[in-house]
Amino acid sequence: MLATAALSGAALLYLVQLGLEFRSTKDSDFVSVELTIDRAKPVLRQWRYSHESGRPSVWRLHYEEDASKWLVQNAPTAFSGDREQLTYDFAVAEILLFFARAQFDWQLATTTFKGATFRMDTIEPVSKKDECTEFGPAEFAAALKKAGNALADYKSLMFPSRPVCFPPDTALIASRNSLTLSNPFGSLQFTIVPGSLSQMEPENRIAEVTTLENGEPRFEGRLFGIRIVNRQTALYSQHRDAAKQAAWRKRVISGLHSWFGEQ
């Protein structure tokens, strides 16, 4: 009886310890996004880009302007239909562009060169082939098409031909207003959060509503958000690669704030 009691006590302590060590976590973050439609051209883009964003601003500017031109040629009713949803479609597609351009390997190596007059940072991929689940432009397009995104068939030169190296066993699921990346270690879910609409002149930021010939507002500026939910699974929380995976998810969240040029 004593031996049984001791064994039961040890088993109970072991289970308690497991519960303390193998714990799931869930964190939430929020990124603000502002996109404007100029119906006179028409074009959909961020009206003012942050100078601190650097190259991301250039990539997004070219993507948004070229995508708008493509829509005019291939989907002429896009700018006369559900323009709110069109704005969200751009945001979801540009999250994928963010990975293709800024987070193309989940294990990036950063090198900083510091001179007397300027500084330069370089990033290089370090993951081996067997350390990746690869998604290229074709896989991204297929995910957007399945979700009904207006830009699913748009082939942009801003998407490099090289695939994006996600952590092993990563699955990509897209819906009309969300993207989810998940693997055994955890997940990142990006969900559009509707915000407000402004029809004022965006250039001078004055309360004047410029109109088209038919009397409708020329500009539609939408300020909305992307809710990011960062989950870590309990089962893999003590795995030797758990810290690297958590660092990748944290880096993605931080990078997305800069990508959309929050002021």
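Residues numbered from 1 in each chain as written. Predicted model: local features only at pLDDT ≥ 70, side-chain atom pairs only at ≥ 80, totals over all residues. Heavy atoms only, no water.

Pulling in residues and values, what's your account of the overall build of the protein chain?
Scanning the protein chain for helices and strands turns up five helices and 10 strands. Counting all 263 residues of the protein chain, 44% fall into the buried class. A separation threshold of at least 6 residues defines the contact pool for the protein chain, and within that pool the share at least 24 residues apart is 71%. Carbon and sulfur atoms make up 55% of the accessible area of the protein chain, which amounts to about 14,700 Å² in all. (Helix = DSSP H or I, 4+ residues; strand = E, 2+ residues; numbered from the N terminus. Buried < 20%, exposed > 50% of the residue type's maximum accessible area, 1.4 Å probe, protein only. Contact = heavy atoms within 4.5 Å. Areas by Shrake-Rupley, 256 points an atom, 1.4 Å probe, with all protein chains shown as cover.)

Any chance you could break down the sheet that holds strand S2 (residues 43-45) for me, citing the residues and the numbers?
With antiparallel pairing, the six strands of this open sheet are ordered in space as S2-S1-S10-S9-S8-S7. At either end of the open sheet lies a strand with only one pairing partner, and these are S2 and strand S7 (171-175). Pairs of neighbouring strands in the sheet enclose a mean axial angle of 20°, with direction left out of account. Note that strand S1 (residues 25-38) and S2 share three bridges and pair antiparallel. Residue pairing across strands places Asp 38 opposite Val 43, the latter belonging to S2. Set on the sheet, helix H2 (residues 55-74) makes contact with S1 and S2; between it and S2 the angle comes to about 155°. (Pairing = 2+ DSSP bridges. Axes fitted to C-alpha atoms, helices over the stretch in contact; angles between N-to-C directions.)

How would you explain helix H5 (residues 242-259) if you had to name every residue and give the values?
Here H5 spans 26 Å end to end across 18 residues, near enough to the 26 Å set by a 1.5 Å rise per residue. Regarding H5, the residues found buried are Ala 242, Gln 245, Trp 248, Arg 249, Val 252, Ile 253, Gly 255, Leu 256, His 257 and Trp 259. Looking one or two places after H5, you find Gly 261, whose phi comes out positive at around 60°. (Expected span 1.5 Å × (residues − 1).)

Which residues make up the side chain of Thr 210, and what values go with them?
Note that Thr 210 resides in the loop between strand S9 (186-198) and strand S10 (219-232). With sequence-adjacent residues up to four places away left out, Thr 210 is seen in contact with Glu 201, Glu 216, Pro 217, Arg 218 and Phe 219.

I'd love a proper account of the pattern of salt bridges, names of residues and values included.
Counted according to the given criterion, the structure contains 11 salt bridges. Of the charged contacts, one joins Glu 216 and Arg 39 as a salt bridge, the two residues approaching to 2.7 Å between their closest N and O atoms. In this pair, Glu 216 is assigned in the loop between S9 and S10 and Arg 39 in the loop between S1 and S2, connecting sequence segments 177 residues apart. For Glu 216, a relative accessible area of 36% translates into the label partly exposed. We note a salt bridge from Asp 89 to Arg 176, for which the minimum N-O separation is 2.9 Å. Linking Asp 89 in helix H3 (residues 83-102) with Arg 176 in the loop between S7 and strand S8 (178-183), this pair joins segments that are 87 residues apart in sequence. Of the residues examined, Arg 176 reaches a relative accessible area of 34% and is grouped as partly exposed. (Salt bridge = Lys/Arg side-chain N within 4 Å of Asp/Glu carboxyl O.)

Which residues make up unusual backbone geometry, and what values do they have?
With the exception of glycine, the majority of residues adopt a negative phi angle, and the majority of peptide bonds are in the trans configuration. Between Lys 41 and the following residue, Pro 42, the backbone shows a cis peptide bond with an omega angle of -10°. Relative to the assigned elements, Pro 42 resides in the loop between S1 and S2. Positive phi values are uncommon outside glycine, yet Asp 169 reaches one of about 65°. Structurally, Asp 169 is set in the loop between strand S6 (164-166) and S7.

Mind laying out the state of the cysteines, listing which residues take part and the relevant values?
Under the definition given, this model contains one disulfide. With its sulfur 1.7 Å from that of its partner, Cys 132 forms a disulfide with Cys 165. Because the sign of the S-S torsion sets the handedness, a value of about -80° for the bond joining Cys 132 and Cys 165 places this disulfide among the left-handed ones. Pair noted here: Cys 132 is in the loop between strand S4 (119-125) and strand S5 (133-135) and Cys 165 is in strand S6, with a separation of 33 residues, a long-range link. (Disulfide = S-S within 2.5 Å.)

Tell me about the pairing of S1, and name the residues and values.
Bridging between S1 and S10 involves 14 bridges; their strand directions are antiparallel. Bridge pairing in S10 places Lys 26 opposite Arg 231.

Please provide a residue-by-residue account of the packing of H3 against H5, values included.
Axis separation between H3 and H5 bottoms out at 11 Å; the angle between their running directions is 115°. Put simply, H3 runs roughly perpendicular to H5. Read as a crossing pair, H3 and H5 show a hand that is right-handed. Contacts between H3 and H5 involve Glu 94, Leu 97, Phe 98, Phe 99 and Arg 101 from the first element and Trp 248, Val 252, Gly 255, Leu 256 and Trp 259 from the second. In the contact of H3 with H5, the residues fall into seven nonpolar, one polar and two charged. (Parallel < 35°, antiparallel > 145°, perpendicular 65-115°, else oblique. Left-handed = near helix turned anticlockwise from the far one by under 90°. Nonpolar A, V, L, I, M, F, W, Y, C, P; charged D, E, K, R; others polar.)

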